[in-house]
Amino acid sequence: MSDNQPLSVEERNKRTLKKLVIWAVAMFGFAFLMVPFYNVICDITGLNGKTSSTAATQAPEKVVADRTVTVEFITQRGDGISGEFTSETKRVKVHPGEITLVHFYATNPTGSDMVTQSIPSVTPGEAARYLHKTQCFCFDQQTLAAGERKDMPMIFYLDPEIPRHINQFTLSYTIFDVTERVAGKNNSVAVN
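Procedures and definitions
Residues numbered from 1 in each chain as written. Predicted model: local features only at pLDDT ≥ 70, side-chain atom pairs only at ≥ 80, totals over all residues. Heavy atoms only, no water. Pairing = 2+ DSSP bridges. Helix = DSSP H or I, 4+ residues; strand = E, 2+ residues; numbered from the N terminus. Axes fitted to C-alpha atoms, helices over the stretch in contact; angles between N-to-C directions. Phe/Tyr/Trp six-rings, centres within 6.5 Å; stacked < 30°, edge-to-face > 60°. Buried < 20%, exposed > 50% of the residue type's maximum accessible area, 1.4 Å probe, protein only. Lys NZ or Arg CZ within 6 Å of the ring centre and 35° of its normal. pLDDT = per-residue confidence, 0-100. Contact = heavy atoms within 4.5 Å.

(A) Representation of the sheet that holds strand β8 (residues 149-158) within the structure. Across the sheet, 4 strands lie side by side as β2-β4-β8-β6; this open sheet has antiparallel pairing. On the outer flanks of this sheet lie β2 (85-87) and β6 (131-135), each paired with one strand and no other. When strand polarity is set aside, the average angle formed by the axes of neighbouring strands in this sheet is 30°.

(B) Up close: the packing of aromatic side chains. This structure, assessed with the given rule, holds 7 aromatic pairs. For the ring pair F137 and Y173, a centre distance of 4.8 Å and an interplane angle of 45° mean the geometry is tilted. Highlighted residues: F137 in the loop between β6 and β7 (142-144) and Y173 in strand β9 (residues 168-177), separated in sequence by 36 residues. The burial state of F137 is the same as that of Y173; both residues are buried. Aromatic rings pair up to connect F73, F85, F104, F137, F156 and Y173 into one cluster. In this structure, R149 is placed above the aromatic ring of Y105, and the distance from its NZ or CZ to the ring centre is 4.1 Å.

(C) The confidence of the model for the protein, seen in detail. Per-residue confidence for the protein gives a mean pLDDT of 84, with 82% of residues at or over 70. Element-level mean pLDDT values for the protein span from 62 in helix α2 (residues 179-191) up to 96 in strand β3 (residues 91-94).

(D) Layout of the environment of Q141. One can find Q141 in the loop between β6 and β7. Residue Q141 is classed as partly exposed on the basis of its relative accessible area of 35%. The spatial distance from the C-alpha of Q141 to the C-alpha of V178 is 8.4 Å, given a sequence separation of 37 residues. Those residues within four positions of Q141 in sequence are excluded, and the remaining contacts are V115, T116, Q117, V178, R181 and V182.

What follows is the structure, encoded as structure tokens:
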């Protein structure tokens with residue numbers, strides 16, 4: 001075929017099909033990569049109230065004694081949690097840079113052991129990047145024995161550079177029962 005002759009219908013259909021397949025693969029790849037990309041952006045920026053999932057390793061350099069920020073604590077139970085999940089303190093006023101300890105409690109009223117995972121969120125989201133947890137039950141899954149009431153401490157400080165317009169924020173935790181998911185992972189590892 002010379003360059004001046006029009007393509008046949010069959011050749012045009014093949015070209016169109018190739019383009020559609022390439023676009024479909026590209027869109028699938030883009031959608032697949034969005035979740036890890038979103039998580040990285042949230043970790044870096046504190047966007048959407050996502051807090052760091054690792055402990056802060058550096059102590060604050062100073063305490064800003066002439067300023068206080070109110071931190072409120074909200075606890076929620078996810079599907080499958082029938083026990084209590086609460087914070088001992090509902091609200092605390094802290095100086096930026098001051099290390100603060102707060103106790104959370106969870107109970108397992110069932111007759112079986114349970115593995116839980118707590119997911120934090122901060123509102124407004126901008127405050128998340130200034131919240132540094134040195135110890136938190138949210139870093140690891142927590143095992144609750146049947147009938148157990150567990151003390152789950154959280155130690156944190158606020159970055160002394162927290163903007164002045166953030167004078168209050170809410171730290172919310174939702175606890176989930178991940179027993180079946182953990183058991184499924186352990187079984188699949190044992191099988192492999």
